[in-house]
Amino acid sequence: MSILSNRINNLDESATLKMSKLGRELSAKGIDVISLSLGETDFYTPDFVKDAAKKAIEGNFSYYTPVPGYPELRKAIAEKLKRENNLDYTFDQIVVSTGAKQSLTNIILSLVNPGDEVIIPTPYWVSYSEIVKLAEGVSVFIDTTLESDFKITPEELEAAITPQTKLFMFSSPNNPTGTVYTRDELAGLAKVFEKYPNIYIISDEIYEHINFLGEHASIAQFAEIKDRVIIINGLSKAYAMTGWRLGFSASNKTIAVANEKLQGQTTSGTCSISQKAGVAAYNGTLDSVNEMRIVFEKRRNLVYDLLKEIPGMKVNLPGGAFYFFPDVSSFFGKTTESGEVINTSDELALYILNTGHVAVVSGDGFGDKNSIRISYAASEDKLIEAASRIKSALAKLK
């Protein structure tokens, strides 16, 4: 009998963290590995945000924080949502957590009962289905394709709904595909949700500012369903603050209170210094955010041209985030120089790591067995070299 719970034994390891770990192990052996596996920008936190953190340290903000976050930060978030997204929330509808992943987990555990169905379009962020497992819910997947820009239609959404459906969960801009839903596309989905008043919607908007199509659209902007939408967001991507661990949810008051109750029995309030830095970020300008987006768009265009030159790789042009999610199924069934047959994207990702010394992530963990995820959160020089290594490694397969 295992000493571990069924809960943990049934949980899969994070695919992104696994590849990052394998890449570090090769690097430790003295091998020059280019890591394009993690969802982390290569920018630094803006100076004005760091200055606010230093001031908070000097000001002795070293005590326990309120479970849902400092009121000052929650008010700054509510003002940000109004200013940038034209969404009306009061500060007590905001709960600050230790990263957007915790915000997401809190919401799912607060809403989903055993057997409840959660609709998730594929590809999806690796932790979505695993958190549903923790809640003992059932993930119901709507498969998309590269040809459809990895988007679902209202008809596909409605076909997936059953009497057991409790929640719909998606991200836009999307991780791992970079897909961005337009306002018109979201309006079509919102019309479906209007027919089903017992279904809630998690809208993961953590990449909202890395958007190359124009103004970010949120499904919470549709008044008829806003009360059932839970926005998940945070500072990690736009402000290059992954290590600060600061995320939030915005929801109706009942869900916010439940979120706070759960968090009070697990982590309690998040880091005081990070919160003070968050206040500065949300009350400051978007200058650094806009500068970063311009750089990412340039990198996207560069990598798109490089990946298109790799025979057998199918790729589309993503509208946001900092990932490509190419279809690599044409390489399945091919043989390495050592005689091993590549049958899965897992095996291909490991092959690229061991032969090309580039860390990418298998699509399996994202719900798509035919693809790999490539992050372009790296310098142009590294991206050019990485693409060259991948192309060379794949050319060796016969």
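Look above for the structure.
Residues numbered from 1 in each chain as written. Predicted model: local features only at pLDDT ≥ 70, side-chain atom pairs only at ≥ 80, totals over all residues. Heavy atoms only, no water.

## Describing the overall build of the chain
Tallying secondary structure elements over the chain gives 13 helices and 12 strands in all. The C-alpha radius of gyration of the chain comes to 21 Å, within 12% of the 21 Å expected for a compact globule of 398 residues. For the chain, buried positions account for 54% of its 398 residues. Contacts in the chain between residues far apart in sequence, at least 24 positions, make up 74% of those at least 6 positions apart. (Helix = DSSP H or I, 4+ residues; strand = E, 2+ residues; numbered from the N terminus. Rg over C-alpha atoms; globule rule 2.2 N^0.38 Å. Buried < 20%, exposed > 50% of the residue type's maximum accessible area, 1.4 Å probe, protein only. Contact = heavy atoms within 4.5 Å.)

## So, the environment of S338
Along the chain, the position of S338 falls in the loop between β9 (323-324) and α12 (345-356). When the C-alpha positions of S338 and L397 are compared, they lie 10.0 Å apart, and in sequence the two are 59 residues distant. At a separation of 3.0 Å, a polar atom in the side chain of S338 contacts the side chain of T336. (Polar contact = N/O pair within 3.5 Å; in protein donor to acceptor, adjacent residues only side chain to side chain.)

## A few points about the side chain of S171
Among the secondary structure elements, S171 is positioned in strand β5 (residues 165-171). Residue class for S171 comes out buried when judged on its relative accessible area of 5%. A polar contact of 3.1 Å, which involves the side chain of S171, links it to the side chain of N174. A polar atom in the side chain of S171 sits 3.5 Å from the backbone nitrogen of N175. Every residue in contact with S171, bar those within four places of it in the chain, is listed here: Y128 and D204.

## Points about the pattern of salt bridges
Within this structure, the stated rule accounts for 22 salt bridges. A salt bridge links E185 to K151; the nearest nitrogen and oxygen atoms lie 2.9 Å apart. In this pair, E185 sits in helix α8 (residues 183-194) while K151 sits in the loop between β4 (138-142) and α7 (154-160), placing the two residues 34 residues apart along the sequence. The class of K151 is buried, set by a relative accessible area of 13%. Across the pair D305 and K308 runs a salt bridge whose closest N-O atoms are separated by 3.8 Å. In this pair, D305 and K308 both sit in helix α11 (residues 287-308), 3 residues apart, roughly one turn of the helix. The class of D305 is partly exposed, set by a relative accessible area of 41%. For K308, a relative accessible area of 46% gives the class partly exposed. Three or more residues are tied together by salt bridges with common partners; here these are K80, R83, E84 and E208. (Salt bridge = Lys/Arg side-chain N within 4 Å of Asp/Glu carboxyl O.)

## Here's the deal with the packing of aromatic side chains
Scanning all chains against the criterion turns up 18 aromatic pairs. A ring pair is formed by Y207 and Y323, whose centres lie 5.7 Å apart and whose planes are at 75°; its orientation type is edge-to-face. Here Y323 lies in strand β9 and Y207 lies in the loop between β6 (200-204) and β7 (229-234), a separation of 116 residues in the sequence. Pair check on accessibility: Y207 and Y323 agree, each one buried. (Phe/Tyr/Trp six-rings, centres within 6.5 Å; stacked < 30°, edge-to-face > 60°.)

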